[in-house]
Each structure stands twice: as structure tokens, then as C-alpha cells.
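Summary of the model geometry
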Amino acid sequence: MEHTNNVKLDLAGVGVGPFNLSIAALLSDKTEINARFFEGRDSFAWHPGLLLDNTNMQTMFLKDLVSAVNPESRYSFLSYLVKNKKFYRFLSAELQCISRHEFSDYLAWTAHQLDNVQFSTRVEHVDFNGQHFNLHTNQGVYQANNLCIGTGKVPSIPECAKAHVGERVLHAAEIGLRERDFTGKRVMIIGGGQSGADIFLNALQSKWGQPKSLDWLSRRSNYQPLDEASFTNEFFAPDYVDAFVELAPEIKSQEVATQKLTSDGITQKALLTIYQELYHRFDVLKQDKWVRLLPHRTLTHLAQDANGFKLTASNALSQCLEAHHADIVILATGFEAPTPSCLSSIIPLLDMDAHNRYQMTPDFELKWEGQNTNKIFAVNAGMHSHGIAEPQLSLMAWRSARIINSLAGEQLFETNSGRGMIDWLSPATVSTAAVI
Ligand SMILES: Cc1cc2nc3c(=O)[nH]c(=O)nc-3n(C[C@H](O)[C@H](O)[C@H](O)COP(=O)(O)OP(=O)(O)OC[C@H]3O[C@@H](n4cnc5c(N)ncnc54)[C@H](O)[C@@H]3O)c2cc1C
């Protein structure tokens, strides 16, 4: 018999990564909303398997959990620096971007101060009884009038690699979770994004022992930089999201497709560090070349052979198939967002679009049949509806404020950040159809 906790929450958060943590931090002094955020882990962790040496944030530290809408909050990054007595040394260090270790430490510092975050509580199943949601957890059942889904993403594994996943074929997200020894092994990294770059650099610096060889294979035409230009950053501003939500679905898809490198490229700092490390080893120290860079290739087949693995890749330049060999294959192939399994009872009640994705209001609320009385919000789940900033940290505080205001039915936080630099949409005088 499941134990039912004797409290009905206004808001239950499922999962505590940075995004729900931001909402929890902003709600911490809003006593009018009784919220609790449930996290399966025993303590806060931010992609712990990818917290490697020499890994830095892609976003500025002021894009923290709260500052964009509540700079007075005690959970700002600046507050973290002062309370941890490192403010002056932080300034003297002149960091252009901070390490992921430091941002992770800031997130954990916040999470473990908040009364509304409950660890060691995995939400197994959620159902709706017509009046409220029941969250079935390993700590009993919790009742809530509204939900916020913040369960994040899961590793994306290429189809051809699925049957081989284990000790020697692993996703990037696993790499830092335990000791590895690649000494004398042929190591192949698949994927030319930031995680691939971070792992390549660490392997190059022999973090896991000196490999026999190190190959870095990527479908992209080269090792491409993150587009961090000033005007590109306007995509990560509230008024672009406000314009984006108004667009037709096919225009939204086109926009997102053209913006890949605004979020998925490799930082200039990481690219330069890798290039300089390669130059030093092979052009200055004159080591025998044990590294190969293999862009423009798509992994098509992976098979175990007598000595290790045979990888087949199609080369987009030569249009030929190539064979490569490795003992260790690291899949830096990104993440995907399946519908969380704990929502299986709720899914049939949701309005989905033609691609089976959530339909969302501008306030990050899912459209569903009980929407008039009970709200379901979701974070990191609406790139198709809200644009390229949705999986990023840049607008998390602003999004949290929108969600809280919608839940409260009043402006608890100011979300108008002023007019942006670019006029994304101007009042239409004549429709395109009429012109044609
Ligand atoms: C290595 C890496 C580095 C990144 N760096 C940046 C960056 O520099 N800048 C940037 O803008 N973006 C960055 N991102 C993108 C994005 O900001 C992060 O992925 C971010 O962690 C997303 O936060 P989240 O809260 O959605 O999910 P997550 O961080 O994945 O957290 C989800 C949490 O939910 C918990 N959970 C899941 N299911 C349940 C359940 N049923 N019950 C209870 N708990 C559950 C999980 O245990 C987890 O703790 C990075 C992503 C990665 C992978």
C-alpha cells in the first residue's frame, strides 16, 4: 500500500536539473505558491559524466538561475562568489568564460540550500484524477494541482551502435562516471560537437592513459565553431522568443535548422586549445602522428571483429565508404528528448502536433484536456515551439519567471526586458500571398 503524503502542492516539479532549479530558486521566497521539486538523485549533479578537465561554459555566468529577473536574489552567481569568499580572486582571474566545474558547484550550492527541492525522490508515475495529479514516487504519493516537467534529455545512440553499447562502446555522457584506461588502445570519438571536442582534448592530453591512436570522426564538414557573434546572441533574447512563438510551424522549423551552430558548435577557446596542443605535439615535439581528424564522414556501420571494432563511414567528399578500426568507441552523438516514461498516463490527455510533439502556449504550458483547471508546464521540451534558446541556459531565469507568473495569475516577476536590437516582425501591410 503506497503512503500518501498529507499535503497538496500548488506545483510539483519533476526532475531538478538547472531548469527546474531556476524555478525553485525564484519561488523560494514566494510563500503564496506551495511548490516542491523532486529529484531522483541523492544530491545535485549536472551532467556528471561530462564534467571533465578543461571544459568551459558556452554561456556567460550572468546567465545564472535568477539574475535576469531577480538580480537581488541570494541565489545569483554573484552571491555565490561572495558567500564562498572568492569574489576578488574571481575578478583577478579575468575569466572570459567560467569552467563547467565552477558553474556546477554554483548550481549544487543553490540546490542544497533550497527547502523546496527534495532529493532521493524518483517520480515513477503520474496520474490525474480529474482534480489533481498524483505523483507516485519511491517516497510515497504526492498530490499537486500543477506540474512542471524538467526531466532533461537522454543520450542519443546511433542505430548501428545500439547493439554494442557497453564497456568499449559508450556514450559521451558515461565517460567521466568511472575510471577508464585507454593505454595502448585505438580510440575513436564519433561526433564533432562540444562534447566530442572536450573528450578529444582530454584523450589527447592522456587523461585516460596514452592511447595507441586517437581518431575524431564527424559528419560536419569541419570542426565548426559556435557562432557567438553579437547579433547571433539576439536569438537568445526574450523578444526573439516572443516573435518566434507567433511563426507558422514550417517557418519555425526552417529557423531552427539554419541556427545549428548558434548552439551546437565548438567554442573558439576549445578549438584553439586543441589546435595548439596538436601543433605542439606534432610540429614542435615531433611526435609520431598518432591522431587523425576525420570530418565529413558519417558512421554507417559498426561491427565487432577479432581485434576490436570495425567502423564503416561514408565520406561526403569522396562519396566512398571507408573502413576504420578501434578498440574503444566514444559516441559524442548528442541527446534526445523522449517523452518521460513517468507521464505515460498523462500523454493520451495531451494535444500533440503532427510530429507527436507537445503543443505549448507562449508561457511554456502544455495544451491538454484539463488545462482550464490544472496546468502542466515543461522546460527544455519546446525547441520546435519556442526556438533555439529552449535547451540552453541563456533564458532559463526569464522562462522560469514566465512560468511562475502564469501559475500565479499575476506578475510576480517583471519579464519585459525592453525592446531588442532587431525588429524581427514588423506590422504587415500586405500579405505575401496577396503580393504573389
Ligand atoms: C555537457 C553539457 C554541457 C552543457 N553546457 C551548456 C552551456 O555551457 N550553456 C548552455 O546554455 N547550455 C549548456 N548545455 C545544455 C543545457 O543547459 C543542459 O543540458 C541542462 O543541464 C539542461 O537542464 P535540464 O534541467 O533540462 O536537464 P538535466 O540537467 O538533464 O536535469 C534533469 C534532471 O531530472 C532528473 N530526473 C529525470 N527523470 C526524473 C524522474 N522521473 N524523477 C525525478 N527526477 C528525474 C535527472 O536525474 C536530472 O537530474 C549543456 C549540456 C551538456 C550535456
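Since the structure is predicted, the reported quantities are computational estimates derived from the model, not experimental observations.

1. Observations concerning the overall build of the protein chain
On a plain count of helices and strands, the protein chain comes out with 12 helices and 17 strands. Against the compact-globule benchmark of 22 Å for 436 residues, the protein chain has a radius of gyration of 23 Å, which places it among compact chains. When burial is assessed residue by residue, the protein chain has 50% of its 436 residues classed as buried. Across the protein chain, contacts joining residues at least 24 apart in sequence account for 70% of those joining residues at least 6 apart. Accessible area for the protein chain stands at about 21,500 Å²; split by element, carbon and sulfur atoms hold 49% of it.

2. Structural notes on the domain arrangement of the protein chain
Parsing the protein chain into structural domains produces domain 1 (4-153 + 337-408) and domain 2 (156-226 + 265-331). Distance between the C-alpha centres of domain 1 and domain 2: 33 Å. Residue-level contacts link 11 residues of domain 1 with 18 residues of domain 2. For the pair domain 1 and domain 2, the summed buried surface comes to about 1,100 Å²; carbon and sulfur atoms form 58% of the total. In terms of surface lost to domain 2, no three residues of domain 1 exceed Leu50, Leu52 and Gln58, which account for 47% of the buried area on that side. Put simply, domain 1 and domain 2 have two salt bridges between them. The partner of Asp53 in a salt bridge is Lys207, with the nearest N and O atoms 3.6 Å apart. For the interface between domain 1 and domain 2, the tally reads six residue pairs in polar contact (both at pLDDT 80 or more). Across the side of domain 1 that touches domain 2, the residue classes break down as four nonpolar, five polar and two charged.

3. Observations concerning unusual backbone geometry
Within the chain, Lys85 stands out as a residue other than glycine whose phi angle is a positive 55 degrees. Along the polypeptide, Lys85 turns up in the loop between α2 (77-83) and α3 (87-93). You can call Lys85 exposed: its relative accessible area is 66%. Although it is not a glycine, Phe364 sits at a positive phi angle of roughly 65 degrees. Take Phe364: it is sitting in the loop between β16 (335-336) and β17 (376-378). We classify Phe364 as buried; its relative accessible area is 1%.

4. Observations concerning the sheet that holds strand β12 (residues 297-304)
Taken together, the three strands give an open sheet; going across it, the order is β12-β13-β14, and neighbouring strands pair in antiparallel fashion. Whereas interior strands pair on both sides, the edge strands pair on one side only; in this sheet they are β12 and β14 (321-326). Mean inter-strand twist for the sheet, computed between neighbouring axes without regard to direction, equals 25 degrees.

5. Some remarks on the packing of aromatic side chains
As enumerated under the stated definition, the model contains 25 aromatic pairs in all. Both rings, one in Phe103 and one in Tyr106, keep their centres 5.4 Å apart while their planes meet at 55 degrees; by these two values the pair is tilted. In this pair, Phe103 and Tyr106 both sit in helix α4 (residues 100-111), three residues apart, roughly one turn of the helix. The class of Phe103 is buried, set by a relative accessible area of 1%. Taken together, the aromatic side chains of Trp46, Phe61, Tyr75, Phe77, Tyr80, Phe90, Phe103, Tyr106 and Trp109 make up a single cluster linked through ring pairs. Sitting above the plane of the Phe413 ring, Lys30 keeps its charged end 4.9 Å from the centroid. The ring centre of Phe364 lies 6.0 Å from the NZ or CZ of Arg399, which sits over that ring.

Definitions and limits used
Residues numbered from 1 in each chain as written. Predicted model: local features only at pLDDT ≥ 70, side-chain atom pairs only at ≥ 80, totals over all residues. Heavy atoms only, no water. Helix = DSSP H or I, 4+ residues; strand = E, 2+ residues; numbered from the N terminus. Rg over C-alpha atoms; globule rule 2.2 N^0.38 Å. Buried < 20%, exposed > 50% of the residue type's maximum accessible area, 1.4 Å probe, protein only. Contact = heavy atoms within 4.5 Å. Areas by Shrake-Rupley, 256 points an atom, 1.4 Å probe, with all protein chains shown as cover. Domains from an automatic or database assignment. Buried area = accessible area lost by both parts, 1.4 Å probe. Salt bridge = Lys/Arg side-chain N within 4 Å of Asp/Glu carboxyl O. Polar contact = N/O pair within 3.5 Å; in protein donor to acceptor, adjacent residues only side chain to side chain. Nonpolar A, V, L, I, M, F, W, Y, C, P; charged D, E, K, R; others polar. Pairing = 2+ DSSP bridges. Axes fitted to C-alpha atoms, helices over the stretch in contact; angles between N-to-C directions. Phe/Tyr/Trp six-rings, centres within 6.5 Å; stacked < 30°, edge-to-face > 60°. Lys NZ or Arg CZ within 6 Å of the ring centre and 35° of its normal.

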